[in-house]
Amino acid sequence: MPSTCWKFFTLNPDKTTAVCNICCHSFLYRCASTTNLNRHIKTKHWNELVQYEASKKKTLGANKDERDLPSSSVGSVTVQPTLAQEIEKTTKYKPDSSRRQEIDDLILNMVTTEMEPLSVVKRKGFRRLITSLDPRYDIISRKRLSTQLLPARYKKERMSLTEAMLQVAHLSITTDCWTSRANEGYMTIIAHYITEQWFLKSHVLSTKSDGKRHTAENLSSELQSVFMEWGIEKKVTVIVSDNAKNIKNAIELCKIRHQPCFAHTLNLVVKASIKETDDVCRLQRKVKDIVTFFHSSTVASNNLKELHANKDKPMKKLKQDVETRWNSTFEMMRSYKEQHDEVTTVFACLEKTRCVSTVKKCCA
C-alpha cells in the first residue's frame, strides 16, 4: 500500500527528488525511503494531514479508537493504521487533555488512599509501568503533585466534609495522644456520626503537633479549637478517650461527657490482675526475657528455625507482648508454650544453662 505522504508529494521524473504539493519545497528521495517526507508533513502540514485522515475515515466508514491494534479489519479488507494514527501514538497528551487529567487523578487517588510517599512518581518501576500502559502520558512531577493537585484535593475534600458536618445534628468524638518515631507528640481527633440512611461515618478532623506539653489545659484548648473550626461545638454529645488523667481532665474542662475507651479499660484490668498474681507476674517476666533473647540473637533464632525444619514443623514466631495490649501477653504465652520443647533444645545446644533453668521453672 503506497505511503500516505504521496498524497502530499509529487515524485520528479528523475525519481531522486520529491516536491511538496503544499509549500513546493523539494526533498531528496533515495532508496525508496519516505522518512524525511513524512517528517515534513508532520512538522509543517499537520492540519492538512489530520483533515486528510478524517476524510479517509469518513469514506471507509471507520470509527476506530486511537489505541487500536496495529491493524484491523473493515469487512473483508485489512486496514493498516494511518500515518496520523501512528504519530498520535507517540505524541504526548496536551496539558488540558481529559485523558491526562484522568491519569493524574488516578495517581493522586493512589497516593492519598494507599498512603504512598510523593516520591513514588520518581521511582523507576512506577515510571516504567505507567509508560508501558500509556506511552503518551507525561508522568506527573512530584512538585506538581505536592503544590497543585494535593492542595486542590484537600480543598475539595474539606469543603465536602464541612457540608457534611452542617447536616449532622449530633456526633461523638474519639481522641488520642501519641508519639511519632521522631519523638514528636501528636493529638488526633476523629468525628463519628450516623446518617439519615443509618450508615456509620467517621472522619479525621485533626492531627496536629504544636510542640506544647500535653497538659489538661492545652488539650482542652486544642479540642475546643477544632470543634469551633468545624462548627460542631454544640453538636458533640460524648468524647471517648483512654484513661489518662490529662485527657480526662481536658474533657472535663470542655464540659462534655467523657466515655472511657472499653479496650483501654479492659487492658488496665488485665494488667492489674497480672500484677496482683505473683506466680503469673513472675511467669510473664521470665517468658518475656526468653522471647527478648530470641529476638536479639540471630544465632538462637536460626537454630530454632533449623530445629523446626528438621522436625517438618511450620516455624512460628515467638511473639513479644506490648504494654498497652493485654491480649499480646496471652499471645506471647501461647506462642512460647507451643514451642517449649524446641526452645529448651536450642538453649541446651547453646549451653545456656541459666536459660534452661528458667525455662523449666516456667513450666513448673
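All values derive from a computational prediction rather than experimental measurement. Here the residue numbers are simple positions, counted from 1 along each chain's written sequence. For a predicted model such as this one, the threshold for reporting local features is a pLDDT of at least 70, and the threshold for listing and counting side-chain atom pairs is 80 or more; totals across whole chains, interfaces and linings nevertheless cover every residue. Hydrogens and water molecules were not included; the side-chain quantities draw on all heavy atoms of the structure.

A. Just the pattern of salt bridges, in detail. Any carboxyl oxygen of Asp or Glu that lies within 4 Å of a side-chain nitrogen of Lys or Arg is treated as forming a salt bridge with it. Inspection of the entire model under this criterion finds 12 salt bridges. Note that Glu338 is salt-bridged to Lys316, the shortest N-O span being 3.5 Å. Taken together, the residues span a long stretch of sequence, with Glu338 in helix H12 (residues 326–338) and Lys316 in the loop between helix H11 (298–310) and H12 at a distance of 22 residues. Taking the relative accessible area as the measure of exposure, Lys316 reaches 40% and is therefore partly exposed. Among the ionic contacts, a cluster of salt bridges with common partners joins Arg99, Glu102 and Asp134. The helix count covers DSSP runs of H or I at least four residues long, the strand count covers runs of E at least two residues long, and both are numbered beginning at the N terminus. The rule is simple: take the accessible area with a 1.4 Å probe, protein chains only, and divide by the maximum for that residue type; under 20% is buried, over 50% is exposed, in between is partly exposed.

B. Highlighting the nonpolar core. In this structure, Ile173, Phe227 and Ile232 are the most contacted members of the largest nonpolar core, which totals 23 residues. Looking at this core, the elements with two or more residues in it are helix H6 (142–167), strand E6 (171–179), strand E7 (185–194), helix H7 (216–230), strand E9 (236–241) and helix H8 (245–253). Here this core gets five residues from one element, more than from any other, and that element is H7. By the convention used here, residues are in contact when the closest approach between their heavy atoms is within 4.5 Å. Residues contacting Ile173, with those up to four places away along its chain left out, are Ile189, Ile190, Ala191, His192, Leu205, Phe227, Ile232, Val236, Val238, Ile239 and Val240. Membership of the second largest hydrophobic core comes to 14 residues, among which are Leu108, Val111, Ile130 and Ile140. We call a set of buried residues a nonpolar core when its members are Ala, Val, Leu, Ile, Met, Phe, Trp, Tyr or Cys and they connect through side-chain atoms within 4.5 Å of each other.

C. Molecular detail of the environment of Asp104. Here Asp104 lies in helix H4 (residues 98–113). Linking Asp104 and Ile140, residues 36 residues apart in sequence, is a C-alpha distance of 6.8 Å. Once residues within four sequence positions are removed from consideration, Asp104 is found in contact with Tyr137, Ile140, Arg144 and Leu149. At a separation of 2.9 Å, a polar atom in the side chain of Asp104 contacts the side chain of Arg144. Side-chain atoms alone can form a polar contact between residues adjacent in sequence; in general such a contact is a pair of N or O atoms within 3.5 Å, and within protein one must be able to donate a hydrogen while the other accepts it.

D. Local environment of the sheet that holds strand E10 (residues 257–260). For two strands to pair, DSSP has to find at least two bridges joining them. One open sheet accounts for five strands, arranged E8-E7-E6-E9-E10; its pairing is mixed. Across the chains shown, the open sheet's two edge strands, defined by having one partner strand only, are strand E8 (200–208) and E10. Each strand of the sheet is rotated relative to its neighbour by a mean of 25 degrees, with strand direction disregarded. Here eight bridges tie E6 to E7, and the two strands are oriented antiparallel to one another. Note that in E7 the partner of Trp178 across the bridge is Tyr186. Axis definition: a line fit to C-alpha positions, over the contact stretch in the case of helices; interaxial angles, taken between N-to-C directions, run 0 to 180 degrees. The strands that H6 touches are E6, E7 and E8; relative to E8, the one it contacts most, it runs at about 120 degrees.

E. Expanded view of H8. Ile247, Ala250 and Ile251 are the residues of H8 that are buried. Viewed along the axis of H8, the buried residues span an arc of 95 degrees, placing them on a single side of the element. Exposed residues lying more than 90 degrees from the buried face of H8 are Lys245 and Glu252. Against the buried residues of H8 lie E6, E7, H7, E9 and E10. Just past H8, the residue Lys255 takes up positive phi, approximately 60 degrees. Picture the helix axis, draw a direction to every C-beta atom, and the arc is the one those directions span.

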